[in-house]
Amino acid sequence: MYPICRKVGTQQCMIPVVGKEEINELTPPGDQLEEQARTGIIEPHLEADLSARRKNTNLKLNLKPQELAQLDQGLMERLPDNVDILTLNEAVYQIVLSRTRPKPKDGGFIFKARKRTRQLQKKISTDRQQASKVQSVIDFLKAGRVFTPRKRRIAHKIRQQHHTLNVKVLLTIKQHCIDRIQALKIAQQSLKNRVEWVDDNATFRLNPSRLLEGQKPVEANNALPAVEEIEAFWGSIYEVQPLLNKDTPALGAFADMCRSIQNEREDCAPVTEEEVRGVIRGLRNFASPGPDGISGYWWKHLPCTHRHLARIFTNYLCEHHPIRGWLVEGRTILLPKKGDLSNPGNYTPITCLNVCYKILTRIISDRILQHIQPVWQQCYEQRGSKMNMAG
């Protein structure tokens, strides 16, 4: 498998993963952690071990509303009024485990697909035989030959089915058979590809190295880059702060305009349950979860958690309670591109964040956009960063 980067706050810990075992784990420098602790925003020591949680819990489900209501009612009765974010997250994860199971290697889809493939092959054989029979009758009619007993039986069946032995009509019937054969072959190949993809995914989950067995070797250097090389490459992109000339006259004029529009500083309003519910409504149901293994589907269909999330987020934003380090942690997978795989630049990083952290950041983003809306209304020439407007 390819290296994985875990991001805690503004720091990244690169962990190459082989199968299910993690090796050579690197921790952020001590002075950087102390810098975070001094800010009071993120507390690294408030950690939770989420490495043992399953990450393949984003299976599409079709639970009945009555069952979801029972799960929500049971969770509401178990949770105290002052539940913390970790206990809430663990309670939701236990419900996820009780309703999701890992997909077997040769599951129901593969069984149905193979059955469907046999049905398509049978239809293709039938249409081929029909086209061949029609062509043989056409050849006899064009040559003016007398039908043999076998050809007479075939011509009789065709006449019974299509009520004619006209050559032009028979040519049209033959072409229809050929068109059906081509369509059935396309469907058969598409189904075959899907079976291979599902089987490869199951093989990769069990033993990633088996997926590469028997493949033709390439001349490029396919050695995985070292953890230090990956950290150095991506650190030079994401951790270097760009230079900004704060003495630019345009920035000073923009700051004066902002102060003239909004002179008073408003107090932080508590996060409401409606805000949380509105953000959760826009989440994707079965996107890949973060380290906590909980997809957006469960936060949507367990509404008893919304008031607890609103209270916890209010403590974070208004009461200045420290944010737990595990909450801002994500798992970043480096997807390989074509070319030399020993080059850290030949990977595309994709980070899966915890859904509860996405909810918090979306609430902050919506409030910022709402707060600066009066300023943007005065900037007619500005189009970027505006809602519902292409820059």
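Refer to the structure printed above.
Since we're looking at a predicted model, the values are computed, not measured.

J.: Just checking my understanding: could you explain the overall build of the chain for this structure?
T.: What the chain contains, in helices and strands, is 13 helices and 8 strands. For the chain, the residues scored as buried account for 33% of the 391 residues in total. Pairs at least 24 apart in sequence give 72% of the contacts found in the chain among residues at least 6 apart. If you sum the accessible surface of the chain, you get close to 25,100 Å²; carbon and sulfur atoms cover 53% of it.

J.: Before we go on, may I ask you to explain the state of the cysteines in this structure?
T.: Following the criterion strictly, the structure yields 1 disulfide and no others. Between the sulfur of C268 and that of C318 lies a disulfide, 2.3 Å long from S to S. Classification of the bridge connecting C268 and C318 rests on its S-S torsion, roughly -60°, and on that basis the disulfide is left-handed. Residue C268 is found in the loop between α8 (249-261) and α9 (273-281), and its partner C318 is found in the loop between α11 (304-317) and β6 (323-324); the two are separated by 50 residues along the sequence. We classify C318 as buried; its relative accessible area is 18%.

J.: I keep staring at the environment of L283 and nothing clicks. Help me out?
T.: In this fold, L283 is placed in the loop between α9 and α10 (296-301). Taking relative accessible area as the criterion, L283 reaches 18% and is therefore assigned buried. Sequence separation between L283 and G296 is 13 residues, and the spatial gap between their C-alpha atoms is 5.9 Å.

J.: I keep staring at α9 and nothing clicks. Help me out?
T.: Helical geometry note: an α-helix holds 3.6 residues per turn, so side chains three or four residues apart project in the same direction. Burial in α9 covers these residues: V276, V279 and I280. Angularly, the buried residues of α9 cover 100° about the axis, an arc narrow enough to put them on a single face. Exposed side chains of α9 directed beyond 90 degrees from the buried face belong to E274 and R281. As for α9, its buried residues are in contact with α10, α11 and α12 (355-371).

J.: For this particular structure, what's the right way to read helix α7 (residues 227-238)?
T.: The end-to-end C-alpha distance of α7, which contains 12 residues, comes to 16 Å, matching closely the 16 Å that a straight helix rising 1.5 Å per residue would cover. All of the buried residues along α7 are V227, I230, W234 and G235. Down the axis, α7 shows its buried residues gathered within 115° of arc, on one side only. Turned more than 90 degrees away from the buried face of α7, the exposed residues are E228 and A232.

J.: How should I be thinking about the packing of helix α4 (residues 108-143) against helix α6 (residues 167-206) in this particular structure?
T.: Axis angle and axis distance: for two packed helices, these are the angle between their axes and the distance between the axes, and together they describe the pair. Packing of α4 against α6 brings their axes to within 9 Å, and their N-to-C directions diverge by 160°. As summarised for this structure, α4 and α6 are arranged roughly antiparallel, according to the angle between their axes. Both α4 and α6 take part in a crossing whose hand is left-handed. Among the residues forming the contact of α4 with α6, the class breakdown is 21 nonpolar, 5 polar and 10 charged.

Definitions and limits used
Residues numbered from 1 in each chain as written. Predicted model: local features only at pLDDT ≥ 70, side-chain atom pairs only at ≥ 80, totals over all residues. Heavy atoms only, no water. Helix = DSSP H or I, 4+ residues; strand = E, 2+ residues; numbered from the N terminus. Buried < 20%, exposed > 50% of the residue type's maximum accessible area, 1.4 Å probe, protein only. Contact = heavy atoms within 4.5 Å. Areas by Shrake-Rupley, 256 points an atom, 1.4 Å probe, with all protein chains shown as cover. Disulfide = S-S within 2.5 Å. Arc of directions from axis to C-beta. Expected span 1.5 Å × (residues − 1). Axes fitted to C-alpha atoms, helices over the stretch in contact; angles between N-to-C directions. Parallel < 35°, antiparallel > 145°, perpendicular 65-115°, else oblique. Left-handed = near helix turned anticlockwise from the far one by under 90°. Nonpolar A, V, L, I, M, F, W, Y, C, P; charged D, E, K, R; others polar.

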